[in-house]
Amino acid sequence: MQVFGVDIGGTGIKGAPVDIDEGTLTAPRFRLPTPQPAQPAAISKTVAEVVAHFGWTGPVGAAFPAVIKGGAARTAANIDPVWVGTDVAATLGSVLPGSPGGVAVVNDADAAGVAEMAFGAGRDVGGVVIMTTFGTGIGTAVFLHGQLVPNTELGHLEIGGYDAETRASEAARERDDLSWEKWAKRVTRYLNALEALLWPDLIIIGGGASRKSDRFLDRLEVNTKVVAAQLQNEAGIVGAALFAGASDQARPKMTARPTRRRPPATRPPGGRRP
Ligand code: BGC
């Protein structure tokens with residue numbers, strides 16, 4: 001079965017039809033630069049152009065660089081803040097002929113992780129697997145025995161007083177003009193923090209940096225096995241398509257009723273609850 005996957009990033013919007021049984025693109029991907037400011041109308045138009053490039057009118061899955069709950073964005077670390085609270089699924093669906101009911105939207109790192117677990121470096125790996133994508137930001141996808149824990153956002157761990165992605169992303173390497181050795185030290189510190197918190201069995205490095213893994217993988221000083229993503233920069237496209245193609249039951253559950261806040265317990269000063 002074929003489903004269209006589109007990966008919306010800080011610098012580019014890439015898409016292609018995907019054979020979701022094989023995990024492969026059925027045509028070379030097409031990429032357009034992300035419009036600036038990256039606001040809903042402009043992004044939707046560009047997504048529609050990428051999809052129309054293939055004359056595609058079937059189902060579409062989209063990978064988006066934010067926390068996604070029930071199709072809506074909840075954060076905006078590297079995208080325009082106007083997206084927070086926007087129904088991404090409906091916004092993109094409104095410009096796509098084959099998706100009047102909305103597209104399936106998933107966090108970009110979760111999409112990449114789902115693809116790597118199904119067809120790449122995480123295939124048949126049990127235990128705790130963490131996929132980290134190094135690009136404009138740092139994205140994470142955490143799996144236990146192949147099951148995704150969605151929206152983990154561990155790229156924003158605070159390390160040494162900084163939001164980790166501002167120090168160790170691929171964009172930070174370029175911004176600070178770091179040698180591979182220096183950047184590998186920052187990535188090591190970041191991965192050590194993940195190790196101390198989650199004790200993973202495997203770490204998969206993805207995102208833009210995964211294409212140059214020979215430059216830094218051997219320099220990382222970590223106890224966990226670390227490998228480069230096999231689908232490299234296509235993982236987001238493949239994962240978005242997989243997500244859209246999965247049955248409702250197979251998709252990670254992204255919606256739950258919010259817990260009702262209880263009124264604060266009333267306690268007399270220094271005394272027991274009445
Ligand atoms: C965002 C994540 C995203 C990651 C990679 C982070 O800044 O908070 O949602 O997965 O960048 O794009």
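Quantities reported herein were computed from a predicted structural model and do not represent experimental measurements.

Caption draft 1: Layout of the pattern of salt bridges. Within the structure shown, the criterion is met by seven salt bridges. Of the charged contacts in the structure, one is a salt bridge between D7 and K14, with a shortest N-O distance of 3.9 Å. The pair D7 / K14 is uniform in exposure class, with both members buried. Between K45 and E49 there is a salt bridge, with the nearest N and O atoms lying 3.6 Å from each other. Of this pair, K45 and E49 are both found in helix α1 (residues 40-52), four residues apart, which corresponds to roughly one turn of the helix. We classify K45 as exposed; its relative accessible area is 55%.

Caption draft 2: Quick look at the packing of helix α3 (residues 108-119) against helix α7 (residues 235-245). The contact between α3 and α7 brings their axes to 7 Å, and the two run at 85°. By the angle between their axes, α3 is roughly perpendicular relative to α7. In contact with A111, A112, V114, A115, E116, A118 and F119 of α3, α7 contributes A235, G236, V238, G239, A240 and L242. In terms of residue class, the contact of α3 with α7 is built from 10 nonpolar, two polar and one charged.

Definitions and limits used
- Residues numbered from 1 in each chain as written.
- Predicted model: local features only at pLDDT ≥ 70, side-chain atom pairs only at ≥ 80, totals over all residues.
- Heavy atoms only, no water.
- Salt bridge = Lys/Arg side-chain N within 4 Å of Asp/Glu carboxyl O.
- Buried < 20%, exposed > 50% of the residue type's maximum accessible area, 1.4 Å probe, protein only.
- Helix = DSSP H or I, 4+ residues; strand = E, 2+ residues; numbered from the N terminus.
- Axes fitted to C-alpha atoms, helices over the stretch in contact; angles between N-to-C directions.
- Parallel < 35°, antiparallel > 145°, perpendicular 65-115°, else oblique.
- Contact = heavy atoms within 4.5 Å.
- Nonpolar A, V, L, I, M, F, W, Y, C, P; charged D, E, K, R; others polar.

Shape descriptors only; they carry no functional weight alone.
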